[in-house]
Amino acid sequence: MSEAMLSIQKLTKRFGGLTAVDDISIEVPERSIYAVIGPNGAGKTTLFNCITGFYRPEEGAVRLAGGGNLERLRPDEIARLGVTRTYQNIRLFADLTALENVQIGLHHRLRTGLVGAILRPPAARREEAWALGEARRLLAYVDLAEEGDQVARNLPYGAQRRLEIARALATEPRLLLLDEPTAGMNPNETAEMIDFIRRLRDDLGLTVLLIEHDMKVIMTVSQRITVMDFGQKIAEGTPAEIQANPRVIEAYLGRGAAAAGKGV
Amino acid sequence: MRLKTDLTTLAMWAIGGVILLAIVIGSVATLRAGGLSARAWRDLVVFGLAQGSLYALIALGYTLVYGILRMINFAHGEVFTAGAFTAYFAAVPLFSSPRFNGRAGELPLVGGLVAALGPEHPVIVGVKLLLLLAVSMGASVTVAVLLERIAYRPLRRAPRLVPLITAIGASIFLQYTFAGLYGSNPQTYPDVPLLAGKTTVLGVEILRAQLLVIVAAALLMAVLVFLVQYTRTGQAMRAVSEDKDTAALMGIDVDAVIVRTFIVGGALAGAAGLLYALLNKQVHFYMGFQPGLKAFTAAVLGGIGNVPGAMLGGLFLRLFESVGPSLFLQGLKIPAAYQLKDAIAFTMLVLILIFRPTGILGERLGAKRA
Amino acid sequence: MSRSLLQHPSLRSGLIAGLVTVFLGLVGFLSAFQDDALLVGHLLGANRSLTLGTAVVLAALIWAGARAAPAGRPGWPAPRGPLYGALAGLVAALVLAAFARLGRSVDLRAIFPKASPELYDMVAFSGGAFAGEAGWELLRLLILGAAMGLLGALWQGLAPRSRRLATPAILLVLGLGVFAEQFLLVLAHNGIAEHFRGWLFLKGGGLAAPGAILVAVLAVAAGLAAERGWTPRQALARQAPARRRAILSLGWTLALALTLVLPWLLGSYHSDVLDTVGLYALMGLGLNIVVGFAGMLDLGYVAFFALGAYTAAVLTSKESFLAPCIRLVEGVCAEHMPLTGFWVAVPAAVLVAGLGGVLLGIPVLKMRGDYLAIITLGFGEIIRILAQSDWLRPYLGGSQGIAGIAPATIPFSGIAVAGLRKPQLLFYLILAACLLAVFIARRLRDSRLGRAWMAIREDEDVAEAMGIHLVMTKLMAFGTGAALAGLAGTLFGVKLTTIYPHSFALLVSINILALIIVGGMGSIAGVMVGALVLVGLPELLRDFQDFRWMAFGAVLVWMMLNRPEGLLPDAERRRELRPEGAPAAAD
């Protein structure tokens, strides 16, 4: 394995008295699929929010290969360095079309400013044409070539997930953070999504960091796993190691099963 | 890239810094030049406290509604006007017609009582003031409840800007409704016996009307705190402000709680309206607009959604407005500094939103994120 | 029992109609329009006119009937419709009778100054030609109410097709009647008023019966033609593409030509109204970029209008403190710089306003939604207070404002926009500014920047996570909007030649916001419609001035409750402003 694409060191995020992310260190190798798992409220999404700059961590560092430290940057700066995310509860621009959603993702790769937009010189026209083509290409890549003019809110659930990924890809990321990409999907769709995530790594050379609940997905798709509970890292390793780790089984699977029994 | 971030932040702090510096320089200059006498300062402070407790009462209405609905009830200033202006029409007969002042016997019982005790007897004046308070609160509560029922309730699930625009529309509509109904000329409240002149409290000279305002506002706020903290309604209000859906699941009638919130806010605004009219003597159709804006500022100042914050914010803001022009604007050699009084409040608002957007005491009554 | 009775449609509608009418009477609305004759005709042996005020009362009664009797409503079989309608009208008439009775026995004027005896005569349809005994009067009012309610119910029972045909006819007749005086003025300006007097319009204003009938018949005929596909649009669709394009471009040319001669057809007064509409449309286009495109509610937009106006005034007024300097500069380089005054002031004002927008924007744009609204409102007020203060009087003139603003000139012709033809000439400047603003707004909307604004409007956090620099992007919206307001401010100064701080009150901001909302947020065509409706109509209907703001407030509330997307919505905004799954119109 090569150098780490993302290296998180001793990251801590507190909300009042609650420590949502507690001294977490993770090394995500380049071109790998890395999973973070843990029960609800373990701090996974908070971790994502810290990486993408939505929250400012109290302590620790987040380093991106070739991009320096992220922990003091704004979300848009981090996106421009090549880190983009999707959301657990899909957050598309619901009233815009699929095409517009992707075009917005292309934002920082375009240059046209206020004056260019008004005067529309040849360079701006060329850029717009390129953006349109690129957006259509990305839509085709996620199998939504026909749905470009549909309003995002009217797309079926699976298509919305894929559109969200297409929008993220439009920002030309090197590191893609997926927050529960298969949540709410049937086994068929889930299998497709697993396939798709692999293609993202193999075709596009992306590094993928994902949060997932579905054990089967994690064990099939990811190369390394970090397990979080109460904001802390309780284990790290390959899928096989994690499956064999008694602490994980006790803390995560055991409690998860108990919780499932109560109908949560 | 970093540079841009720093530029905007820097610009914000620079603006804030310049304003703060100006305040300090101005104050120092005023104080060194001698400026006003100690007594004049004290009068300004007392004036600020009296008007500030009115702001606090109005600010509570903003804060309560914001805490529960997350919306700025822009028309709250007009709720205040409704009370003050309507009560005027009760105040005129009560305090200036002979019928209620013991000089004519048309109403045997009332007239007799008034004649026996004299129209300036504290009991008679007190009863009349309570009557006025009832009228004022009643009018304000009616307007507040109608507002909620007609304009706000259908918009519970609408995007955030929609209720705000509705509230702005309602505010303008109500203002000009008052102008149409009651006339667009300012009206002067009749003199209330016992409230004219000054008295001395703890060695400080104070206008009697100011004293009444401060005491009444303090009482009302105490009642409100009791209501919010110790009654079932208050408990339900706090629950709804934390999380409407969960509260509904717990069997709380959310709509009823919201109506009660508007009633409480309206009653406080009505009381503030009457007190304002007793203190400032004049009522007119747009009288609620400036106090409404200021009270909103006060609510933000104290941390919107935060009950003690609204009270503190109201007092602080008005004190600042009252003392400010004489304190630092005059020191900066600005002529007719009192003209800029209103600008001070908005400058404060800008400063607070820049440096401490959650207000002095922080947002509460269900802290919201983002 | 009492509750179910209150639920009865007749009682409810009647009460609402009656109380609304009483309300309109008490605020003075009805009496204000008692002098405006809508229709004049020969009735019962004398010339009688239907005034606008009376028409409103009648409309309320008809409305009550129509509302009480929706045709074929489930549970209320249609045959009962007329009965319910008549009952509703009766209830409304009873409310009016009670109000008149109350008013005549107790003097309400101590509280409500507009509660005059004339008002009671009006709502009770008594007095004047109708004077009579009290009992007879009550009976007549009740019969009238029931008849009007019945009319409403019958209207509701009409086939949709008949209603579709009749509605435009009625609206047209009413519109012509309401604005009869204005039409006559325009006709007189063109020297052809005499041809229309007598049969269409009457001397004192109002529509004559033959004219009204003719107009209605024409409108119905047009409706029938449209049903058969005889509309211009469909006729055009039948043409071959090449020909269609030719016709279309001819049409556009004609429209442009008509626009260009419009001020001369309208005359000074109406051109002046058109100028005002244009100024507001210009500001609406600017604010639309901020509110409609980027979703930031700016209630202090008037501040930039003021910045532009004051900049232009300071640069061009003879009374300005800068005047000596300007004369000096002009003296030195007048030969090399023929463009002084207005054409220097325009870019300066645009620049100052735009910069002001950016500067004021920096500290406030981190706020969200409603905070932003209040803080911009605060800024607007600060600017006005400063302009009004004695402190800046040496520079801005305090409450006296700045007078003697130099007139604009039409470029390359040396014609000064002044004198008798000023409103007409100014129209061209304002038209050019509006066209420029439309061009800019459209280009921006369809650009990278426009998409970034939409993204921010929809979800700020995600927009930022997708690499959009929030503050910069918002500042551009704020700056562009402010710059357009600055342009409008310059033209405003030129139009009035004197500016006062009180021209820049908060209500101007609200007015602009209202016209955007009425037109449809984010919609460019909507801004134009909104400006015509909200600025043009009140200017024409002078008696309406007093109720302008009340109507604005009501319109804002009504639009938000029933049609948040506006009259001419932008497709995306419509989707957005409807809460999930809500139908187009709640009852």
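Residues numbered from 1 in each chain as written. Chains lettered and ligands numbered in written order. Predicted model: local features only at pLDDT ≥ 70, side-chain atom pairs only at ≥ 80, totals over all residues. Heavy atoms only, no water.

**Points about the overall build of chain A**
In terms of regular secondary structure, chain A is built from 10 helices and 10 strands. Here the C-alpha atoms of chain A give a radius of gyration of 19 Å, agreeing with the 18 Å that 2.2 N^0.38 yields for 264 residues. Dimensions of chain A, computed from the C-alpha atoms along their principal axes, are close to 65 × 40 × 40 Å. A sequence separation of at least 24 residues applies to 68% of the contacts in chain A between residues at least 6 apart. When the accessible surface of chain A is totalled, it reaches about 11,100 Å², and 52% of it is carbon and sulfur. If you average the places of the 33 positive and of the 34 negative side-chain charges in chain A, the two averages end up 4 Å apart. (Helix = DSSP H or I, 4+ residues; strand = E, 2+ residues; numbered from the N terminus. Rg over C-alpha atoms; globule rule 2.2 N^0.38 Å. Contact = heavy atoms within 4.5 Å. Areas by Shrake-Rupley, 256 points an atom, 1.4 Å probe, with all protein chains shown as cover. Lys, Arg positive; Asp, Glu negative; His and termini not counted. Charge placed at Lys NZ, Arg CZ, Asp CG, Glu CD.)

**Looking at the sheet that holds strand E2 (residues 18-29) of chain A**
Residue and element names in this part refer to chain A. Read from one edge to the other, the open sheet built from 4 strands follows the order E2-E1-E4-E5, with strand pairing classed as antiparallel. A strand with exactly one partner marks an edge of an open sheet, and here the two such strands are E2 and strand E5 (68-69). Relative to E2, strand E1 (residues 4-15) runs antiparallel, the two sharing 8 bridges. Residue pairing for E2: Arg-14 is matched across the bridge by Thr-19. (Pairing = 2+ DSSP bridges.)

**Re the interface of chain C and chain B**
Contact residues are listed per partner, giving 52 residues for chain C and 58 residues for chain B. Ranking the residues of chain C by area buried against chain B places C:Asp370, C:Tyr371 and C:Ile374 at the top, with a combined share of 14%. At the junction of chain C and chain B, the tally comes to 0 salt bridges. Summed over the shared surface of chain C and chain B, the result is 1 residue pair in polar contact (both at pLDDT 80 or more). With 13 residues, helix H17 (residues 369-388) of chain C is the largest single contributor of residues to the side of chain C that touches chain B. Its residues assigned to classes, the side of chain C that touches chain B shows 39 nonpolar, 6 polar and 7 charged. (Buried area = accessible area lost by both parts, 1.4 Å probe. Salt bridge = Lys/Arg side-chain N within 4 Å of Asp/Glu carboxyl O. Polar contact = N/O pair within 3.5 Å; in protein donor to acceptor, adjacent residues only side chain to side chain. Nonpolar A, V, L, I, M, F, W, Y, C, P; charged D, E, K, R; others polar.)

**Side note on a negative patch on the surface**
Side chains of C:Asp35, C:Glu181, C:Asp543 and C:Asp546 sit close together on the surface and give a patch of like negative charge. The exposure class of C:Glu181 is exposed, given its relative accessible area of 53%. (Patch = residues over 30% accessible without salt bridge, like charges linked within 9 Å, V, L, I, M, F, W, Y side chains within 5 Å. Buried < 20%, exposed > 50% of the residue type's maximum accessible area, 1.4 Å probe, protein only.)

**Overview of the confidence of the model for chain A**
Looking at chain A as a whole, the pLDDT averages 88, with 94% of positions reaching at least 70. pLDDT under 50 marks residues 258-264 of chain A. Its contacts with residues more than four places away, or in other chains, come to 1 contact. (pLDDT = per-residue confidence, 0-100.)

**A short note on the packing of helix H16 (residues 342-364) of chain C against helix H22 (residues 470-496) of chain C**
Residues and elements named next belong to chain C. Remark: H16 packs on H22, axes separated minimally by 7 Å, with the N-to-C direction vectors making an angle of 145°. The interaxial crossing formed by H16 with H22 has right-handed handedness. Together, Phe-342, Val-346, Ala-349, Val-350, Ala-353, Gly-354, Gly-357, Val-358, Gly-361 and Ile-362 of H16 and Leu-475, Phe-478, Gly-479, Ala-482, Ala-483, Gly-486, Leu-487, Thr-490, Leu-491 and Val-494 of H22 make up the contact between the two elements. Broken down by class, the residue content of the contact of H16 with H22 amounts to 14 nonpolar, 6 polar and no charged. (Axes fitted to C-alpha atoms, helices over the stretch in contact; angles between N-to-C directions. Left-handed = near helix turned anticlockwise from the far one by under 90°.)

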